[in-house]
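Topology and contacts: notes
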Amino acid sequence: MKVMTTTLSLNSNNFELRSHNGKNGKDMHPIAEPPKESRDQWGGQIEFLLACLGNAVGLGNCWRFPYLCYKNGGGAFLIPYIICSFVIGLPLFLIELSLGQYSSMGPAHLYANLSPLFKGLGLTSIISSMIVAVYYNMIIAWTLFYFVGSLVGQDWQHCGQHFNSLNCTTINDKMNFTNYSISSTEEYFNNYVLAKSDGLEIMNSMNWRLVGALFASWVIVVAALIKGIQSSGKVVYFTATFPYVILVILFIRGITLDGAIDGLRYYVTPEWSRVKDPTVWRDAAVQVFYSFGIGGGGMITYASYNKFTDPVFVIKTKVRHSLLVGIGDFLTSIFCGSVVFAMIGYMAHALNKPIDDIVQSGTVIPEGLSQMPLSIVWSMMFFAMLFLLGIDSQFAMVETVITYIFDLLRNSKYKLNKPAVVTIAGFIWFLCGLPLCTNAGVYILNLMDTYAAGIPCLIVGLFEIFIVAYIYGISNFFQDLKLMTGWMPSDIMRSHIIVMITTCSPIAIAIILYKDIFGLLYNEEVITYGKYVYPSWAQWIGWSLALISVAAIPLGAISHLTPFVQLFVVRKQDLFVGETKIIRGNRSFKSGIY
């Protein structure tokens, strides 16, 4: 009996479909044609490592992670975070880097060939990255705003300015604190930086200062990516390493402050009763997606620019990037938390207030920095660090979208000019970000962050694991690793990876998705920003943002199944039996037709 197999050969980055009849179900070996136009590659493994580290380590490590530690029982949060890192983070990290490097494709083309039925999965990652890039660069613009503010007088440490209220109080007026007092740093952020209105319904003015900061942020992103990884690969030498220099300096300075030890003790002391709380585990798992940069297509895109035989895992003396970057990201989160809580301890000591009250204020860092000797220097260093941490993650999201455009149109009759494409895309993103510069911008940003990032990334992660485990096949995945690196995991490690990918990871993600989706749908979790509660119509707008990207998955499946439904009577076998190959040099990328 002859079984028809399908071969996808790479020809100038186009895929030519050819059929081969094999005997006894074994396919013929096709002849691969090398691409006429070579794909960009990293200048070296250091560039790739730093780019991945920069994508993984972002603003979430220094802002979101310390807050979650406070919210979920201090040191007790570290336990579920470590477990989720190994159960969800590292397996998905390994999958994305391995598939990207093996195929030399961006996420859209990768999944279209790996599992045609789920070809919309890659597009979901790209659409999600497009949406997140809009508001993420707004946050980066805030850090740039504060950096400039550090140079011109640190206005957040003074009252009596045009944006201050009668209840404004500085840290030096701690004897005059009342229940109605509002810190000068909080008023600076809400009344000057954001010019915030009372709700999403009130959007009637544009903050032109923020427009300028947003434009400057996009200019920096475009300038760094204008030549692709040839330019961004050189930029990451600075943007991925300099934040660590600043973190070390701030940590050394922070632990010498009065009260810093109390803050660190609060940070590491576990509240064991919280470990049993499902919400803590949910927050830990979602933080893993934010921290590792998985589910958004950035890691697949970066790995696709690797050489085929570059290492992707750690074993013996070889530096393999999955474990190295994953552990580096985890340790960075812990270290950032130490810096932040040392500052919080100092503020609690200075104000003679409990640490709980200090954390809840939300603007403690600028206020703490302003009280240090040479405060201008410390403020500049801190906000420069936040800017660099954010810009690396932004590079990955923008590069993911740009890579998709070039992979899609590489062989069209139009000759693509990368600087022009990057510039036009950056300008479009800038225009899309203008609503975030209005007086209701922060409410829009919070809505986008709630719906457009977390849920799509969790869904992408779940489908990635499902495809590799149950469609592509674990055995094929391990063979790919061996083909690229010459290394096959030991029986113990292979068993661990199989259990994680086939059982633990999908169950954990499914539970989190259930909690998120049904909690939001049935208003078990009301979306708020401070004391403001979002109206129901705003939540439906948020769901629309999530569905814009997620809808690509069922739509892609329908478009793939339609021809088979039409031909089902004549060619039933084509729907259920078949093999897809992605040819790269003399190497094939095999998967089921699904």
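About the cut-offs
- Residues numbered from 1 in each chain as written.
- Predicted model: local features only at pLDDT ≥ 70, side-chain atom pairs only at ≥ 80, totals over all residues.
- Heavy atoms only, no water.
- Helix = DSSP H or I, 4+ residues; strand = E, 2+ residues; numbered from the N terminus.
- Buried < 20%, exposed > 50% of the residue type's maximum accessible area, 1.4 Å probe, protein only.
- Core = buried A, V, L, I, M, F, W, Y, C linked by side-chain atoms within 4.5 Å.
- Contact = heavy atoms within 4.5 Å.
- Disulfide = S-S within 2.5 Å.
- Salt bridge = Lys/Arg side-chain N within 4 Å of Asp/Glu carboxyl O.
- Axes fitted to C-alpha atoms, helices over the stretch in contact; angles between N-to-C directions.
- Parallel < 35°, antiparallel > 145°, perpendicular 65-115°, else oblique.
- Left-handed = near helix turned anticlockwise from the far one by under 90°.
- UniProt positions renumbered as here; feature names shortened; annotations may be inferred.
- Polar contact = N/O pair within 3.5 Å; in protein donor to acceptor, adjacent residues only side chain to side chain.
- Nonpolar A, V, L, I, M, F, W, Y, C, P; charged D, E, K, R; others polar.
- Phe/Tyr/Trp six-rings, centres within 6.5 Å; stacked < 30°, edge-to-face > 60°.
- Expected span 1.5 Å × (residues − 1).
- Patch = residues over 30% accessible without salt bridge, like charges linked within 9 Å, V, L, I, M, F, W, Y side chains within 5 Å.
- Areas by Shrake-Rupley, 256 points an atom, 1.4 Å probe, with all protein chains shown as cover.

1. Some thoughts on the overall build of the protein
- Scanning the protein for helices and strands turns up 22 helices and eight strands.
- Buried residues in the protein amount to 58% of all 594 residues.

2. Let's talk about the nonpolar core
- Residues Met-138, Trp-142, Val-193 and Phe-477 are the most contacted members of the largest nonpolar core, which totals 171 residues.
- In terms of residues, this core owes the most to one element, helix H18 (residues 441–485), which gives 25 residues.
- When near neighbours in sequence (up to four residues on either side) are disregarded, Val-193 contacts Trp-142, Phe-145, Tyr-146, Tyr-188, Asn-207 and Leu-210.

3. Observations concerning the state of the cysteines
- Enumeration over the complete set of coordinates arrives at one disulfide.
- Bridging Cys-159 to Cys-168, the disulfide has an S-S length of 2.0 Å. Taking the sign of the torsion about the S-S bond as the criterion, the disulfide between Cys-159 and Cys-168, at about -80 degrees, is left-handed.
- On the basis of relative accessibility, which here comes to 12%, the residue Cys-168 falls in the buried class.

4. Some words on helix H6 (residues 184–193)
- Counting buried positions along H6 gives eight out of ten residues, so the element sits mostly inside the fold.
- Of all the residues in H6, the buried ones are Ser-184, Thr-185, Glu-187, Tyr-188, Phe-189, Asn-190, Tyr-192 and Val-193.
- Immediately downstream of H6, the backbone of Ala-195 shows phi near 50 degrees, a positive value.

5. Some details on the environment of Leu-50
- Mapped onto the secondary structure, Leu-50 falls in helix H1 (residues 45–56).
- Using a relative accessible area of 11% as the deciding quantity, one classes Leu-50 as buried.
- Contact partners of Leu-50, with chain neighbours within four places excluded, come to Val-236, Tyr-237, Ala-240 and Thr-241.

6. Points about the pattern of salt bridges
- The tally for this structure, following the rule as stated, stands at three salt bridges.
- Put simply, Lys-418 and Glu-399 hold a salt bridge, and the shortest N to O gap is 3.5 Å. Of the two residues, Lys-418 is situated in helix H17 (residues 418–432) and Glu-399 in helix H16 (residues 375–409); the sequence distance between them amounts to 19 residues. For the pair Lys-418 and Glu-399, one class covers both residues: buried.

7. Overview of the packing of helix H7 (residues 208–225) against H17
- Closest axis-to-axis distance for the H7/H17 pair is 10 Å, and the angle between their directions is 155 degrees. With respect to their mutual orientation, H7 and H17 come out roughly antiparallel. Both H7 and H17 take part in a crossing whose hand is right-handed. Residues Val-211, Leu-214, Phe-215, Trp-218, Val-222 and Leu-225 of H7 lie in contact with H17, whose contacting residues are Val-422, Thr-423, Gly-426, Trp-429 and Phe-430.

8. Observations regarding the UniProt feature "binding site: Na(+)" (unreviewed entry) in the protein
- What UniProt calls "binding site: Na(+)" (unreviewed entry) maps, in this numbering, to Gly-54, Ala-56, Val-57, Asn-61, Ser-291, Leu-389, Asp-392 and Ser-393. Considering the C-alpha atoms alone, the annotated residues occupy 340 residues of sequence yet fold into one spot, their largest mutual distance being 12.8 Å.
- Its location among the elements puts Val-57 in the loop between H1 and helix H2 (59–71).
- The contacts of Val-57, once residues within four sequence positions are left out, are Tyr-244, Ser-291, Asp-329, Thr-332, Leu-389 and Ser-393.
- The residue Asn-61 is located in helix H2 in this model.
- The class for Asn-61 is buried, based on a relative accessible area of 1%.
- Those residues in contact with Asn-61 that lie beyond four places of it in its chain are Ala-56, Pro-66, Ser-291, Asp-329, Thr-332, Ser-333 and Cys-336.
- A polar atom in the side chain of Asn-61 sits 3.2 Å from the side chain of Asp-329.

9. Some points on the packing of helix H3 (residues 78–103) against helix H11 (residues 278–292)
- Contact geometry of H3 with H11 gives a least axis separation of 9 Å together with a crossing angle of 40 degrees. Here H11 runs oblique to H3, going by the angle between their axes. Remark: the crossing between H3 and H11 carries right-handed chirality. When H3 is examined against H11, the residues Pro-80, Tyr-81, Ile-83, Cys-84, Ser-85, Ile-88, Gly-89, Leu-90, Leu-92 and Phe-93 are found in contact with a partner set consisting of Val-280, Trp-281, Ala-284, Ala-285, Gln-287, Val-288, Phe-289, Ser-291 and Phe-292.
- Looking at the contact of H3 with H11, its residues break down into 15 nonpolar, four polar and no charged.

10. Regarding the packing of aromatic side chains
- In this structure the tally under the stated criterion is 29 aromatic pairs.
- Summarising the aromatic geometry, the rings of Tyr-146 and Tyr-188 are spaced 5.5 Å apart at their centres and angled 65 degrees between planes, so their arrangement reads as edge-to-face. Of this pair, Tyr-146 sits in helix H5 (residues 120–151) while Tyr-188 sits in helix H6, and the two are 42 residues apart along the sequence.
- Judged by its relative accessible area of 7%, Tyr-146 falls in the buried class.
- Consider the rings of Phe-215 and Phe-430, whose centres lie 5.3 Å apart with planes at 75 degrees: the pair is edge-to-face. With Phe-215 in helix H7 and Phe-430 in helix H17, the pair connects residues that are 215 residues apart, well separated along the chain.
- Judged by relative accessible area, Phe-215 falls into the partly exposed class, the value being 45%.

11. Some remarks on H5
- For H5, with 32 residues, the first-to-last C-alpha span of 47 Å sits near the 46 Å given by 1.5 Å per residue.
- Across the 32 residues of H5, 27 count as buried, placing the element largely inside the fold.
- Of the residues one or two after H5, Gly-153 is the one with positive phi, at around 120 degrees.

12. Some words on a nonpolar patch on the surface
- Taken together, the side chains of Val-148, Leu-151 and Val-152 define a hydrophobic patch exposed on the protein surface, amounting to about 270 Å² of accessible area.
- Within the fold, Val-148 resides in helix H5.
- For Val-148, a relative accessible area of 43% gives the class partly exposed.

13. Describing the side chain of Thr-332
- Along the chain, the position of Thr-332 falls in helix H13 (residues 321–351).
- With residues near it in sequence (within four places) discarded, Thr-332 still touches Val-57, Asn-61 and Tyr-244.

14. Regarding unusual backbone geometry
- The phi dihedral of Ser-104 is positive, around 55 degrees, even though this residue is not glycine.
- Residue placement: Ser-104 occurs in the loop between H3 and helix H4 (107–114).

15. Digging into the environment of Tyr-472
- Mapping Tyr-472 onto the fold places it in helix H18.
- Once the C-alpha coordinates of Tyr-472 and Ser-115 are considered, the two residues, 357 residues apart in sequence, prove to be 7.5 Å apart.

16. Focus: the side chain of Glu-96
- Looking at the element boundaries, Glu-96 is found in helix H3.
- Contact partners of Glu-96, with chain neighbours within four places excluded, come to Ile-294, Gly-295, Met-299, Ile-300, Ala-303 and Glu-464.

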